[in-house]
Amino acid sequence: VQLVESGGGLVQAGGSLRLSCAASGSIFSRIAFGWYRQAPGNQREMVAVITTVGSTNYVDGVKGRFTISRDNAKKTVYLQMNSLNLDDTAVYYCNAFDTTQHKSYWGQGTQVTVSS
């Protein structure tokens, strides 16, 4: 599975960004996806996950602000991020878990920087 992320950038606090993760190389509908992030000096943490049937889960700090979604026709997963704050600054990574091969794949990461 190959993953290409896009949509990161610099945004002011309170603003919004939408990250995209385009996947190829496997049957998209059989892949569960997650968005993770890693800030300098911190461990990588799960932000949001979506299953093959569209069930979602979020880390507490982003509930109500972030939304993960998938478009099986476009083979793309999205992370809509609203009401961004300084703590959301990190490199965001897309993860794909192939539920048939039981293998995990990572994208290259996209930087999100929130300024005051």
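Here the structure is a predicted model, which means the values were calculated and not measured.

Criteria and cut-off values
- Residues numbered from 1 in each chain as written.
- Predicted model: local features only at pLDDT ≥ 70, side-chain atom pairs only at ≥ 80, totals over all residues.
- Heavy atoms only, no water.
- Disulfide = S-S within 2.5 Å.
- Helix = DSSP H or I, 4+ residues; strand = E, 2+ residues; numbered from the N terminus.
- Buried < 20%, exposed > 50% of the residue type's maximum accessible area, 1.4 Å probe, protein only.
- Phe/Tyr/Trp six-rings, centres within 6.5 Å; stacked < 30°, edge-to-face > 60°.
- Contact = heavy atoms within 4.5 Å.

Draft legend 1. Representation of the state of the cysteines. Applying the stated criterion to the full structure yields one disulfide. Covalently, Cys21 is tied to Cys94 through a disulfide, its sulfur atoms 2.1 Å apart. Judged by the sign of its S-S torsion, about -80°, the cystine formed by Cys21 and Cys94 is left-handed. A residue pair is termed long-range when its members are at least 10 positions apart, and Cys21 in strand S3 (residues 17–24) and Cys94 in strand S9 (residues 90–98) qualify at 73 residues. The exposure classification of Cys21 matches that of Cys94, with both residues buried.

Draft legend 2. Highlighting the packing of aromatic side chains. Here the structure, examined in full by the defined rule, presents three aromatic pairs. Relative to Phe33, the ring of Phe28 lies with its centre 5.0 Å away and its plane at 35°, an arrangement referred to as tilted. The pair formed by Phe28 and Phe33 is uniform in burial state, with each residue classed as buried. Residues Tyr36 and Trp106 carry aromatic rings whose centres are separated by 5.0 Å and whose planes lie at 70° to one another, so their mutual orientation is edge-to-face.

Draft legend 3. Geometry of the side chain of Asn95. In this fold, Asn95 is placed in strand S9. Excluding residues that lie within four positions of it along the chain, Asn95 makes contacts with Leu3, Ala32, Phe33, Gly34, Tyr36, Ser104, Tyr105 and Trp106.

Draft legend 4. Quick peek at unusual backbone geometry. One non-glycine residue, Ser83, lies in the positive phi region at around 50°. Inspection of the secondary structure assignment puts Ser83 in the loop between strand S8 (76–81) and S9. We classify Ser83 as partly exposed; its relative accessible area is 43%. The phi torsion at His102 lies on the positive side, around 55°, for a residue other than glycine. Following the sequence through the fold, His102 ends up in the loop between S9 and strand S10 (103–106).

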